[in-house]
Amino acid sequence: MPKARVVLYRDADGSCPFLAWFNELPAKVQDKCYLRLERLREMGHELRRPEADFLRDGIYELRTSLRGVHYRILYFFHASAAVWSRTAL
């Protein structure tokens, strides 16, 4: 399977909710999330639990945890691109 292209959602004003959220995370959480993003880029649609999960209506989540706190990154696929929408904690 070819690598997935990652596209970040931007609001009409050009701001990126994902980056605003990501930049506020502790460094260790950022590192873990970045590893998940790289795995998704490499594996695309084939990435499964425990790293990713299908929710419903075409929405997926990347999953990572640190010290009992669960971090989720919501995304969807458009052709071969993984598009980051909003994030959840």
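In what follows, the structure referred to is the one given above.
All values derive from a computational prediction rather than experimental measurement.

A. A look at the side chain of T64. Note on placement: T64 falls in strand β3 (residues 59-66). Setting aside its immediate chain neighbours within four residues, T64 contacts K32, C33, R36, V69, H70, Y71 and R72.

B. Focus on the packing of aromatic side chains. Inspection of every chain in the model, using the stated rule, returns six aromatic pairs. Judged by centre distance (5.5 Å) and plane angle (25 degrees), the rings of F18 and F22 are stacked. Highlighted residues: F18 and F22, both in helix α1 (residues 17-23), separated by four residues, approximately one helical turn. Just as F18 is buried, F22 falls in that class too. On the basis of an interplanar angle of 85 degrees and a centroid distance of 5.6 Å, the ring pair of Y75 and F77 is categorised as edge-to-face. Both residues of the pair, Y75 and F77, belong to the buried class. Taken together, F54, Y60, Y75 and F77 form an aromatic cluster joined through their ring pairs.

The rules behind the values
- Residues numbered from 1 in each chain as written.
- Predicted model: local features only at pLDDT ≥ 70, side-chain atom pairs only at ≥ 80, totals over all residues.
- Heavy atoms only, no water.
- Helix = DSSP H or I, 4+ residues; strand = E, 2+ residues; numbered from the N terminus.
- Contact = heavy atoms within 4.5 Å.
- Phe/Tyr/Trp six-rings, centres within 6.5 Å; stacked < 30°, edge-to-face > 60°.
- Buried < 20%, exposed > 50% of the residue type's maximum accessible area, 1.4 Å probe, protein only.

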